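Remarks on the overall topology
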Amino acid sequence: MQVLFKSRHPHATEFRDLTERRVRFVLRRLSWLVPHAEVNLSDVNGPRGGVDKRCQVQLKTDGAGSVVVASVASDWRTALDDALARAARLLMRAWRRGSDSRRLRQRFVGLEH
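The present account deals with the structure reproduced in this document.

Conventions we followed
Residues numbered from 1 in each chain as written. Predicted model: local features only at pLDDT ≥ 70, side-chain atom pairs only at ≥ 80, totals over all residues. Heavy atoms only, no water. Helix = DSSP H or I, 4+ residues; strand = E, 2+ residues; numbered from the N terminus. Buried < 20%, exposed > 50% of the residue type's maximum accessible area, 1.4 Å probe, protein only. Contact = heavy atoms within 4.5 Å. Areas by Shrake-Rupley, 256 points an atom, 1.4 Å probe, with all protein chains shown as cover. Phe/Tyr/Trp six-rings, centres within 6.5 Å; stacked < 30°, edge-to-face > 60°. Lys NZ or Arg CZ within 6 Å of the ring centre and 35° of its normal.

Quick look at the overall build of the chain now. When helices and strands are tallied, the chain shows two helices and four strands. Listing the helices and strands of the chain from first to last along the sequence gives β-α-β-β-β-α. The burial tally for the chain puts 32% of its 113 residues in the buried class. Across the chain, the fraction of contacts at a sequence separation of at least 24, relative to all contacts at a separation of at least 6, is 48%. When the accessible surface of the chain is summed, it comes to about 7,300 Å², and 51% of that surface belongs to carbon and sulfur atoms.

One pass over the structure, following the stated rule, counts one aromatic pair. Summarising the aromatic geometry, the rings of phenylalanine 15 and tryptophan 76 are spaced 6.0 Å apart at their centres and angled 65° between planes, so their arrangement reads as edge-to-face. Here tryptophan 76 lies in helix 2 (residues 76-112) and phenylalanine 15 lies in the loop between strand 1 (2-7) and helix 1 (16-26), a separation of 61 residues in the sequence. Accessibility expressed as a relative area gives 25% for phenylalanine 15, which makes it partly exposed. Assessed through its relative accessible area of 6%, tryptophan 76 is described here as buried. The ring of tryptophan 76 has lysine 53 lying over it, and the distance from NZ or CZ to the ring centre is 5.1 Å.

The following block contains the structure:
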């Protein structure tokens, strides 16, 4: 799996290795389905502080399309973990939905003959 990290904030670049490890860990069971993951960390309102750390995760998959999730929190680690958890849930749901419809189609095709 290729993990692409993007951020313009100078402190966010310190999270590059952590981000790559977290993406690989959370998606370890689904890595066969996700050849490319992109993580973008940004600070929404700059140095003013507050709940403004934004993490956007985009998973480009084989067969299930693309999954894009964003999360905002007070720190980047929390925003990253929230976005990855939501992305993994959405990816599993999309994959299950696709495999269920394939199973149903096979079942109906088998009945026609």
